[in-house]
Amino acid sequence: MGKGSEIKLIGTAESPYVNRVQIVLNLKSIDYEFVEENLTCKSELLLTSNPVYKKVPVLIHANKPPIPESLIIIEYLDEIYSDVHPILPSDPLARADNRFWANYMDTKFFPLFEELRKTPGKEGKKAIVKQIIEGSQLLEEAFVKFSNGKPYFGGDDVGYLDVVLGCFLGWTKFVEKHNEFKIFDEARTPKLLEWTNRIWSHEALKDVIPGSETLKNFYMILMKYKP
Ligand SMILES: N[C@@H](CCC(=O)N[C@@H](CS)C(=O)NCC(=O)O)C(=O)O
């Protein structure tokens with residue numbers, strides 16, 4: 001991770017959205033500088049680079065204006081480094097379909113985990129778990145369609161949706177460990193379960209996805225600052 005690299009990534013190692021960008025930088029073998037952010041006391045650099053949302057990740061490419069929002073960042077990287085490991089397909093309709101499912105993951109599926117964390121009481125949590133399970137079944141169907149018998153959403157190797165969903169695997173494992181349900185299992189989501197095991201050890205992800213102890217500490221911070 002080169003200091004002085006022309007790409008700088010402002011983030012925290014526990015954030016799946018930041019991990020998403022790190023995975024794409026790895027896939028494309030792009031050298032970058034990781035600028036560690038403290039979300040409990042945000043830096044001037046973050047506040048001025050992403051004044052609208054004040055969130056990580058933010059990518060700074062040379063002296064150009066900063067780029068916030070993980071999906072926008074990974075698409076930017078895919079455009080400017082299009083010759084190495086493209087993640088979006090070239091067909092416009094297939095690109096649209098990939099973006100539809102990424103949008104589903106970010107606006108419907110992942111927010112359920114935050115809701116689960118914040119909802120008190122067994123009954124309230126049970127209703128959210130039901131929605132997570134329904135969501136995982138939709139994702140299984142999407143996986144079967146996109147992978148078309150191959151190992152990844154992207155086909156023979158990791159593509160856009162593999163990155164968008166894969167960055168959350170540390171958190172899905174963490175949620176499974178601390179709750180009494182499985183998000184991906186043999187009976188409901190057999191293909192996605194195989195996929196989680198496969199992608200977990202992929203070169204581009206294996207040093208990026210945080211372990212459960214790291215996530216536990218981050219979870220405690222979330223409970224304190226965003227109960
Ligand atoms: N839609 C954003 C979400 C980014 C996000 O939620 N980042 C969290 C860390 S996981 C953050 O910076 N939170 C700080 C805050 O909410 O104040 C993206 O895709 O980049």
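Values in this document were obtained by computation on a predicted structure and should not be read as measured data. (Residues numbered from 1 in each chain as written. Predicted model: local features only at pLDDT ≥ 70, side-chain atom pairs only at ≥ 80, totals over all residues. Heavy atoms only, no water.)

## Focus: helix α8 (residues 169-178)
Alright, step 1. Counted residue by residue, α8 has seven buried out of 10 residues, so it is predominantly covered.
Alright, step 2. Considered for burial, the residues of α8 that qualify are Leu169, Gly170, Trp171, Thr172, Phe174, Val175 and Glu176.
Alright, step 3. Contact partners of the buried residues in α8: α1 (16-27), α5 (111-118), α7 (160-166), α9 (190-200) and α11 (212-225). (Buried < 20%, exposed > 50% of the residue type's maximum accessible area, 1.4 Å probe, protein only. Helix = DSSP H or I, 4+ residues; strand = E, 2+ residues; numbered from the N terminus. Contact = heavy atoms within 4.5 Å.)

## A look at the site of the ligand
Alright, step 1. Around the ligand, the neighbouring residues are Ser15, Tyr17, Leu39, Lys42, Lys55, Val56, Pro57, Glu69, Ser70 and Lys226.
Alright, step 2. Backbone polar atom of Val56 to a nitrogen atom of the ligand: 2.9 Å apart, as the coordinates give it.
Alright, step 3. Here the ligand has 510 Å² of accessible area as a free molecule, and 80% of this is covered by the chains.
Alright, step 4. More than half of the atoms belonging to the ligand lie within 2 Å of the grid points that define the largest pocket.
Alright, step 5. Per-class residue counts for the shell around the ligand are four nonpolar, two polar and four charged. (Near = heavy atom within 4 Å. Polar contact = N/O pair within 3.5 Å; in protein donor to acceptor, adjacent residues only side chain to side chain. Areas by Shrake-Rupley, 256 points an atom, 1.4 Å probe, with all protein chains shown as cover. 1 Å grid on protein atoms, 1.4 Å probe; cavity = no way out; pocket = protein on both sides within 12 Å on 5 of 7 lines; lining within 4 Å. Sits in = over half its atoms within 2 Å of the grid points. Nonpolar A, V, L, I, M, F, W, Y, C, P; charged D, E, K, R; others polar.)

## Details of the packing of α8 against α11
Alright, step 1. Closest axis-to-axis distance for the α8/α11 pair is 10 Å, and the angle between their directions is 80°. Accordingly, the angle class assigned to the pair α8 and α11 is roughly perpendicular. Taking contact as the criterion, the partners of Gly170, Trp171, Phe174 and Lys177 in α8 are, on α11, Ser212, Leu215, Lys216, Phe218 and Tyr219.
Alright, step 2. Among the residues making up the contact of α8 with α11, the classes are represented as five nonpolar, two polar and two charged. (Axes fitted to C-alpha atoms, helices over the stretch in contact; angles between N-to-C directions. Parallel < 35°, antiparallel > 145°, perpendicular 65-115°, else oblique.)

## Thoughts on the domain arrangement of the protein
Alright, step 1. Domain boundaries assigned for the protein yield domain 1 (7-80) and domain 2 (92-225).
Alright, step 2. Placing a centre on the C-alpha atoms of domain 1 and another on those of domain 2 gives a separation of 21 Å.
Alright, step 3. Each partner contributes to the interface: domain 1 provides 16 residues, whereas domain 2 provides 22 residues.
Alright, step 4. Carbon and sulfur atoms supply 69% of the area that domain 1 and domain 2 bury against each other, a total of about 1,700 Å² over both sides.
Alright, step 5. The largest per-residue losses of area from domain 1 upon contact with domain 2 belong to Glu14, Arg20 and Ile23, which jointly make up 32% of the total buried on that side.
Alright, step 6. Across the contact surface, domain 1 and domain 2 share two salt bridges.
Alright, step 7. Of the charged contacts, one joins Asp106 and Arg20 as a salt bridge, the two residues approaching to 2.9 Å between their closest N and O atoms.
Alright, step 8. For the pair domain 1 and domain 2, the number of links is six residue pairs in polar contact (both at pLDDT 80 or more).
Alright, step 9. Elements supplying a minimum of two residues to the side of domain 1 that touches domain 2: α1 and α3 (70-80).
Alright, step 10. At nine residues, the largest contribution of residues to the side of domain 1 that touches domain 2 is made by α1.
Alright, step 11. For the side of domain 1 that touches domain 2, the class distribution of residues is nine nonpolar, four polar and three charged. (Domains from an automatic or database assignment. Buried area = accessible area lost by both parts, 1.4 Å probe. Salt bridge = Lys/Arg side-chain N within 4 Å of Asp/Glu carboxyl O.)

## Observations regarding the sheet that holds strand β3 (residues 58-61)
Alright, step 1. Read across the open sheet, the four strands follow the order β2-β1-β3-β4; overall the sheet is mixed. Strands with a single pairing partner mark the edges of an open sheet, and in this sheet they are β2 (33-36) and β4 (67-68).
Alright, step 2. Two elements, strand β1 (residues 7-11) and β3, share four bridges in a ladder whose sense is antiparallel. Note that in β3 the partner of Ile10 across the bridge is Val58.
Alright, step 3. Packing against the sheet, α1 makes contact with β1, β2 and β3, and its axis sits at approximately 155° to β1. (Pairing = 2+ DSSP bridges.)

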